[in-house]
Amino acid sequence: MKHLKLTKPDDWHLHLRQGKAMSSVVGMTARQMGRAIVMPNLSPPVKTVKQALDYRREIVSALPKSSDFNPLMTLYLTDNTTRQDIINASIEEHVYAVKLYPAGATTNSESGVTNLSNVYLALEQMQKEGVPLLVHGEVTQDDIDIFDREAIFIETVLMPLLAKFPELKVVLEHITTKDSVDFVSSSQSNIGATITAHHLLANRNHMLVGGIKPHYYCLPVLKRKAPHQDALIAAATSGSPKFFLGTDSAPHYQNEKESACGCAGIFSAHAAIELYADAFEKANKLDMLEGFASKYGADFYGLKRNTEIITLEKRPWTVPKSYSFSDSKVIPFFAEERLSWRLVP
Ligand code: DOR
Ligand code: ZN
């Protein structure tokens, strides 16, 4: 096969940053995706509808006039989020979800939730209004091994949460383990999950064998090939509508990743759909890409699917070494490596 035609995909989990950093990367997503769920973990975080709309305006003004890319905004859940904040979000057409960062779990999560019981009223309102809760699913206790944090989160936080709010719409974001795949697969239809391209294409060996590779460091951290990466590939390519595309593309300045304390995040917006196409082709499941990339996410959010068609061409190319990122550089996922598929502009 030389060409692959797909309904235009959407990215259901994306970090765009702000200012010049944002304007250096937003076009890469807008070129490929119809819509993206934009993460609110700015500093300070996007906590109110007003902040979300200001941020959206900033994003839209960085796009070329001809672009019809639609940024779907989210609010950052804190211990102080009120019922009224949720009501405001539910009636605002540009706000689509609320993000839960357990405090301390990842980049800019300091204002995150310290104890879920602090946000029960907000969660109750979200359940009532059908506002999805997007979850960074990792516990943060010091004594819990970083490779176990996702599995323990499911058991100790997510299951009790869903027992209390069984109708709450939840997206378990950027899942990395077989435990999450099994949990989501066996849940009701109000539970979905996003899967990144990097968790499909890489495992912890890529990060740790032959020297430590900071550009493979993200959270939740890459896990073992078997059983975890294998389970993610099986889930993404299964045709189950519970699993859909979310890149978690998270650009950081090169020097802040290549540091004694490098920050978490993998930048993949430069080649998002091409990376997924490679992963699906490796699994011999290219025919399953369109559902995962372009249909199931929209269905889960109760939105119309895109109607535009994109074309990928089998034309191997080498990913650049870096891209300019504000006044610095960002090192992309698969830098200087070959990808088989390329989006036809
Ligand atoms: O690797 C990550 N980077 N994981 C997250 O949860 C946040 C993200 C970021 O904002 O850099
Ligand atoms: Zn993220």
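Up top is the structure.
Bear in mind the structure is a predicted one, so any value in this text is a computation, not a measurement.

Draft legend 1. Region of interest: the sheet that holds strand E9 (residues 243-245). Across the sheet, eight strands lie side by side as E2-E3-E4-E5-E6-E7-E8-E9; this open sheet has parallel pairing. Only two strands of the sheet have a single partner each, and these edge strands are strand E2 (11-14) and E9. Sheet twist, expressed as the mean angle between neighbouring strand axes with direction ignored, is 30°. As defined by bridge partners, strand E6 (residues 133-135) adjoins strand E7 (residues 170-172) across three bridges and the pair is classed as parallel. Bridge pairing links Leu133 to Val170 in E7.

Draft legend 2. Fine view of unusual backbone geometry. A cis amide bond links Ser43 to the next residue, Pro44, at an omega of 0°. Here Pro44 lies in the loop between strand E3 (35-38) and helix H2 (49-61). A positive phi is found at Arg17, a non-glycine position, where the angle reads about 60°. One non-glycine residue, His174, adopts positive backbone phi at about 35°. Residue position: His174 is located in the loop between E7 and helix H6 (178-185).

Draft legend 3. Molecular detail of the packing of helix H3 (residues 83-91) against helix H4 (residues 120-129). In the contact formed by H3 and H4, the axes pass within 8 Å of each other and the chain directions differ by 25°. Judged on the interaxial angle alone, H4 and H3 are roughly parallel. Every pair of crossing elements has a handedness; the one defined by H3 and H4 is right-handed. Where H3 abuts H4, its residues Arg83, Ile86, Ile87 and Ser90 lie against Leu121, Ala122, Glu124, Gln125, Met126 and Glu129. Of the residues assigned to the contact of H3 with H4, the class counts are five nonpolar, two polar and three charged.

What counts and what doesn't
- Residues numbered from 1 in each chain as written.
- Chains lettered and ligands numbered in written order.
- Predicted model: local features only at pLDDT ≥ 70, side-chain atom pairs only at ≥ 80, totals over all residues.
- Heavy atoms only, no water.
- Pairing = 2+ DSSP bridges.
- Helix = DSSP H or I, 4+ residues; strand = E, 2+ residues; numbered from the N terminus.
- Axes fitted to C-alpha atoms, helices over the stretch in contact; angles between N-to-C directions.
- Parallel < 35°, antiparallel > 145°, perpendicular 65-115°, else oblique.
- Left-handed = near helix turned anticlockwise from the far one by under 90°.
- Contact = heavy atoms within 4.5 Å.
- Nonpolar A, V, L, I, M, F, W, Y, C, P; charged D, E, K, R; others polar.

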